[in-house]
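Listed below, chain by chain, are the residues.
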Amino acid sequence: QLADAHARKRSALIPILQTVQRDYGEVSQFALQHIADVLGLHAADVYSVATFYQFINTAPKGKFIIRLSRDMSSMMKGAKIVARQLENDLGIKFGETTPDGMFTLEWTSCIGMNYQAPAMLINNEVFSNLTPQRAHLIIEDCLQGFRSHRPTVGKIGETYSSALTYASHEAEAGLRRALTMSPAEVVSEVAASGIRGRGGAGFPTGTKWRLAAAAKGDLKYIVCNADEGEPGTFKDRILLSRFADVVFEGMTIAAYAVGAREGVIYLRAEYTFLKTQLEAALAARRQTGLLGKNILGRDGFDFDIRIHMGAGAYVCGEETALIESLEGRRGHPRNRPPYPIDVGLNGMPTVVNNVETLSSISCILARGAAWFASIGTERSKGFKLFSVSGDCTRPGVYELPWGITVEELLETVGGGNAKAVQVGGYSGQLIPASQFDRRLAYEDLGIGGSVIVYGQDRDMLDVAENYFEFFVDESCGQCTPCRDGNVKLLEGIRALRQGKCSSRYLNELISLCETIQVSSKCGLGQLSPNILIAINTHFRDEILARPVMGQH
Ligand code: SF4
C-alpha cells in the first residue's frame, strides 16, 4: 500500500522500512529483498539505505530499545551513573540485548532534552531528569507494562522558561494578511523584515523565497526542516509541541509567496512522539479551510502538508542531505550548485526553511516587517530562540533579541560562574570567559540557537572527546577527510587525555584539523575541528599541564 501511495518510487523506501520495523521489530534480510523487488531496486541498495539510519534495525533488538542520550549536557548531569544503573538492572552492556529479547541498551546522540538531562528514549517515549533510582523504577514499569500488556509509563512533563511571543498574535493573522497581498508583495515584506534563516547558516529568507518564486518548475515544495539534531538544541521541539499551528501557518505563507502546492515536514526520528498530535493539528486545519483547496476562500490557492519521519541521522539536517533522505536514499549531502531552490525535491524548486524561521514568518506577516526589523541589530533582525543547557541554574528556551552579549545571556539563565560557553552546537564556537562580552548576532556570533554552559570544573578535553565521538558516529562517510580525519582526532584527544602526547603531537593534531576543515564536503567536516582548535587556542596551558605532557 505504501509503495502504491508513492507510485512505487524509491521515495517510499524509508517509510516502508519504518513500517516493516514497526510491525515486525526489525527489517530482516527477507524483508529487504522483498522491499527491493516491490520497488524495483537492488537488494544491496536497500541494505545500504537501511543500514545508514540509526533508527532502522536490520538485526533483532529488544522489545524495549533504550537509547540514553550522551550529549554533553547529559554527561555533565550524571548520564554515566544512570548508564551503570541500567547495565546493572538489565545485566547487559551498552550495545547488547537481554537474552530474553526484552531490552536493548544503546547510547544515542542528543534527543533534544538537554534542559532536563540526563534523558533517554524508550522506543518513542521520552524520559528525562533521570537519576539511577528513577531509571530503576522506569525499568520496573516497563516490565510491569509488558507483563500486563498495558502501555508503558507515561510521558514526562516539560517546562520551559521563555516568554514566547509566537502565540501572542491573533490566530492566522499572518496568513490572512498575506492573502490580502500579492505573492510578490509577501516576498518583499519578508525581505524587508531582514529575517535570516534560523537553522544556523543565516541565509536571508527573503532572498531564498525570491529565487524560489522565480524558479521554473511544474511543482514547487516547501520543506520544513524539523531535523533538529544539533546537540544542545531543543527550541524546534518546543515550537512543534506548543505552537505547531504557527509553523504550519508559516509554511502556508511560504507556499503562497513562491507558488508551492506541497509541503513536507521532515521530523527527526527522535521526535516520533510528536507525530500523532501534529497529524491531528494538520487534519483540523484541513477541516477549517486552512489547508487543502482554495485556502481561506482564495481561489486557486491549494496547498497541503505531510509529515515525513526521519530515521536517525544528524547529517540530514543539512538541506541537500535531507532532500536525498526524502527521496529514499542515504542522507549524503549533494554538491552545490545547483541549489534546492532550483533543483530540490524530485528535481523541483524547493524551499527548505527551519521550524523557527517559519514561525517567525507568521509573526512578520501578522505584525509587519517594520516591527520585526526594529528589533535586534543592523545585520541581525528580530528575536531569536536560544536553547540553553549545561552548568546554569535556569536551563530552557529563551526568546531574546539578537545582539545581547554572552554575559547578558548567562545572567538571564543563571550561568554566572561559567568557564566557557559553546554557542551554535557542537559545530559552533567555544567562547572562553575572557570573551563573554561578545554579541550573539551575525555581526559577531551568528548561531542556530544552542548554548551549552561549562562551569569552572569542566575538563575541556572531556568536552572535546564527547564532541568527536559524536562526529565520528554521525559522519556520513562520503569524504575521506571527515570520515577518517575525525577518527584520528578522537584518537589524538584520548591520547592527550591520558597525558601520553607531546606538544608537538598537539600541533600536528591542529594541522590535521585545518586539513579536514578545508577539504571536507559539507558543514559537518568543515566545522567538526572547531572545538579542538578552540581549546588549543584558549586552554592550551590546561592541556599541557596534564601529567607527562610537555616532556617529549
Ligand atoms: Fe559526509 Fe562528513 Fe563529507 Fe559531510 S564532510 S559529506 S558528513 S563525510
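For every chain, the first residue of its written sequence is number 1, and the numbers climb from 1 along that sequence. For a predicted model such as this one, the threshold for reporting local features is a pLDDT of at least 70, and the threshold for listing and counting side-chain atom pairs is 80 or more; totals across whole chains, interfaces and linings nevertheless cover every residue. To obtain the side-chain values, all non-hydrogen atoms of the structure were used and water was disregarded.

Draft legend 1. Region of the structure containing the site of the ligand. Proximity is defined per residue: if any heavy atom of the residue lies within 4 Å of a molecule or strand, that residue is considered near it. Around the ligand sit 13 residues in total, of which Cys476, Gln478, Cys479, Cys482 and Cys522 are the nearest. With a 1 Å grid laid over protein atoms only, a set of points is called a cavity when a 1.4 Å probe fits there but cannot get out and a pocket when it is open yet has protein on both sides within 12 Å along at least five of seven lines; lining residues have an atom within 4 Å of a point. Pocket or cavity membership: a molecule qualifies when more than half of its atoms sit within 2 Å of the grid points of that site. The cavity that encloses the ligand is the largest cavity. Among the residues forming the shell around the ligand, the class breakdown is seven nonpolar, five polar and one charged. Residues are grouped as follows: Ala, Val, Leu, Ile, Met, Phe, Trp, Tyr, Cys and Pro are nonpolar; Asp, Glu, Lys and Arg are charged; all remaining types, including Gly, are polar.

Draft legend 2. View of the packing of helix H20 (residues 503–519) against helix H22 (residues 530–544). Here H20 crosses H22 at 165°, and the two axes come no closer than 9 Å. As judged from the angle between their axes, H20 and H22 are roughly antiparallel. In this structure, the crossing between H20 and H22 has a hand that is left-handed. For the pair formed by H20 and H22, the contact residues are Ser503, Leu506, Asn507, Leu509, Ile510, Cys513 and Gln517 on the first element and Asn530, Leu532, Ile533, Asn536, Arg540, Ile543 and Leu544 on the second. Counted by class, the contact of H20 with H22 contains eight nonpolar, five polar and one charged residues. Whenever a helix is involved, its axis is fitted only over the stretch in contact; in every case the axis is a line through C-alpha atoms, and angles between N-to-C directions fall within 0 to 180 degrees. Under the scheme used here, helices are H or I runs from DSSP no shorter than 4 residues and strands are E runs no shorter than 2 residues, and both carry numbers assigned from the N terminus. For classification purposes, an angle smaller than 35 degrees is called roughly parallel, one larger than 145 roughly antiparallel, one from 65 to 115 roughly perpendicular, and anything else oblique. Should the near helix be turned anticlockwise from the far one by less than a right angle, the crossing is left-handed, and should it be turned clockwise, the crossing is right-handed. Residue contacts are counted whenever heavy atoms from the two residues lie within 4.5 Å of one another.

Draft legend 3. Spatial organisation of the packing of aromatic side chains. Two aromatic rings, drawn from Phe, Tyr or Trp (for Trp, its six-membered ring), form a pair once their centres lie within 6.5 Å of each other, and the interplanar angle then sorts them: stacked below 30 degrees, edge-to-face above 60, tilted otherwise. Scanning all chains against the criterion turns up 17 aromatic pairs. An aromatic cluster is defined as three or more aromatic residues linked by ring pairs; in this entry it consists of Tyr314, Tyr426, Tyr467, Phe468, Phe470 and Phe471. Comment: the charge-over-ring label is applied if NZ (Lys) or CZ (Arg) is within 6 Å of the ring centre and within 35 degrees of the ring normal. Seen from the ring of Phe55, Arg67 lies directly overhead, with NZ or CZ sitting 3.9 Å from the centre. In this structure, Lys384 packs its charged tip against the face of Phe386, placed 6.0 Å from the ring centre.

Draft legend 4. Region of interest: the sheet that holds strand S13 (residues 450–455). One bridge is not enough; two strands pair if DSSP finds at least two bridges between them. Ordered in space as S10-S9-S13-S11-S12, the five strands form an open sheet in which the pairing is mixed. Of all the strands in the sheet, just strand S10 (396–401) and strand S12 (429–432) have a single pairing partner and so form its edges. Going across the sheet, the axis of each strand differs from the next one's by a mean of 30°, ignoring polarity. Relative to S13, strand S9 (residues 383–390) runs parallel, the two sharing four bridges. Bridging across to S13, Ser387 finds its partner in Ser450. Most of the contacts of helix H11 (residues 235–242) go to S9, to which it runs at about 115°, and overall it touches S9 and S10.

Draft legend 5. Spotlight on the nonpolar core. What is meant by a nonpolar core is a set of buried Ala, Val, Leu, Ile, Met, Phe, Trp, Tyr and Cys residues, joined one to another through side-chain atoms within 4.5 Å. Remark: exposure states derive from per-residue accessible area (1.4 Å probe, protein chains only) relative to the maximum for the residue type, with buried under 20%, exposed over 50%, and partly exposed in between. Counting 70 residues, the largest nonpolar core has Leu17, Ile35, Tyr53, Leu430, Tyr454, Leu532 and Ile535 as its most contacted members. In terms of residues, this core owes the most to one element, helix H18 (residues 460–474), which gives eight residues. Here Tyr53 is in contact with Ile14, Ala311, Gly312, Ala313, Cys316, Ser325, Arg329, Arg330 and Gly331, once residues within four sequence places are set aside. Counting 65 residues, the second-largest nonpolar core is a separate cluster that includes Leu179, Ile222, Ala244 and Ala255.

Draft legend 6. Summary view of the side chain of Arg10. Inspection of the secondary structure assignment puts Arg10 in the loop between helix H1 (2–5) and helix H2 (13–24). The class for Arg10 is buried, based on a relative accessible area of 17%. Contacts of Arg10, omitting those with residues within four sequence positions, involve Leu41, Asp45, Val49, Glu327, Gly328 and Arg329.

Draft legend 7. Looking closely at empty space enclosed by the protein. Grid points are joined across faces, edges and corners, and a volume is the space filled by probe spheres set on the points. As enumerated under the stated definition, the model contains three cavities of 30 Å³ or more in all. There is about 80 Å³ of room inside the largest cavity. For the largest cavity, the full set of lining residues is Val315, Pro333, Ser475, Cys476, Gly477, Gln478, Cys479, Cys482, Lys521, Cys522 and Leu524. The class makeup of the residues in the lining of the largest cavity is seven nonpolar, three polar and one charged. Size it by volume and the second largest cavity reaches roughly 40 Å³. Forming the walls of the second largest cavity are Arg70, Asp71, Ser109, Cys110, Tyr426, Asn466 and Phe470. Per-class residue counts for the lining of the second largest cavity are three nonpolar, two polar and two charged.

Draft legend 8. Looking closely at the sheet that holds strand S7 (residues 304–309). Taken in spatial order, the four strands make up an open sheet running S7-S6-S5-S8, and their pairing is parallel. Whereas interior strands pair on both sides, the edge strands pair on one side only; in this sheet they are S7 and strand S8 (350–354). Geometrically, the sheet is characterised by an average inter-axis angle of 25° between neighbouring strands, direction not taken into account. Relative to S7, strand S6 (residues 262–267) runs parallel, the two sharing six bridges. Its bridge partner being in S7, Val264 is matched across the sheet by Arg306.

Draft legend 9. Examining the pairing of S6 more closely. Summarising burial for S6: five of the six residues are buried, a large majority. Once you follow S6 into helix H13 (residues 275–287) and on to S7, the crossover reads as right-handed. Consider the strands pointing away from the viewer: the crossover is right-handed when the path from the first strand over the helix to the second runs clockwise.

Draft legend 10. Local environment of the confidence of the model for the protein. Residues at a pLDDT of 70 or more form 94% of the protein, whose mean pLDDT is 91. Confidence over residues 148–163 falls short of pLDDT 50; this stretch has 41 contacts with residues more than four positions distant or in other chains. At the level of chain-chain contacts, confidence expressed as ipTM amounts to 0.99, with global pTM at 0.92. Residue-level confidence of the predictor is summarised by pLDDT, bounded by 0 at the bottom and 100 at the top.

Draft legend 11. Quick look at H11. Summarising burial for H11: seven of the eight residues are buried, a large majority. For H11, the full list of buried residues reads Lys235, Asp236, Arg237, Ile238, Leu239, Leu240 and Ser241.

Draft legend 12. Fine view of the environment of Leu365. For Leu365, the position within the fold is in helix H15 (residues 355–367). Residues Leu365 and Tyr221, 144 residues apart in the sequence, show an inter-C-alpha distance of 20 Å. Those residues in contact with Leu365 that lie beyond four places of it in its chain are Gly174, Arg177, Ala178, Met181, Val186, Glu189, Val190 and Ile253.

Draft legend 13. The arrangement of the state of the cysteines in detail. In plain terms, two cysteine sulfur atoms within 2.5 Å form what is called a disulfide here. Counting across every chain of the model gives zero disulfides. With no disulfide partner, Cys363 has as its closest neighbouring cysteine sulfur the one in Cys224, 15 Å distant.

Draft legend 14. Expanded view of the environment of Val518. Along the chain, Val518 falls in helix H20. For Val518, a relative accessible area of 72% puts it in the exposed group. A sequence separation of 37 residues divides Val518 from Pro481, and the C-alpha atoms of the two residues are 9.2 Å apart.

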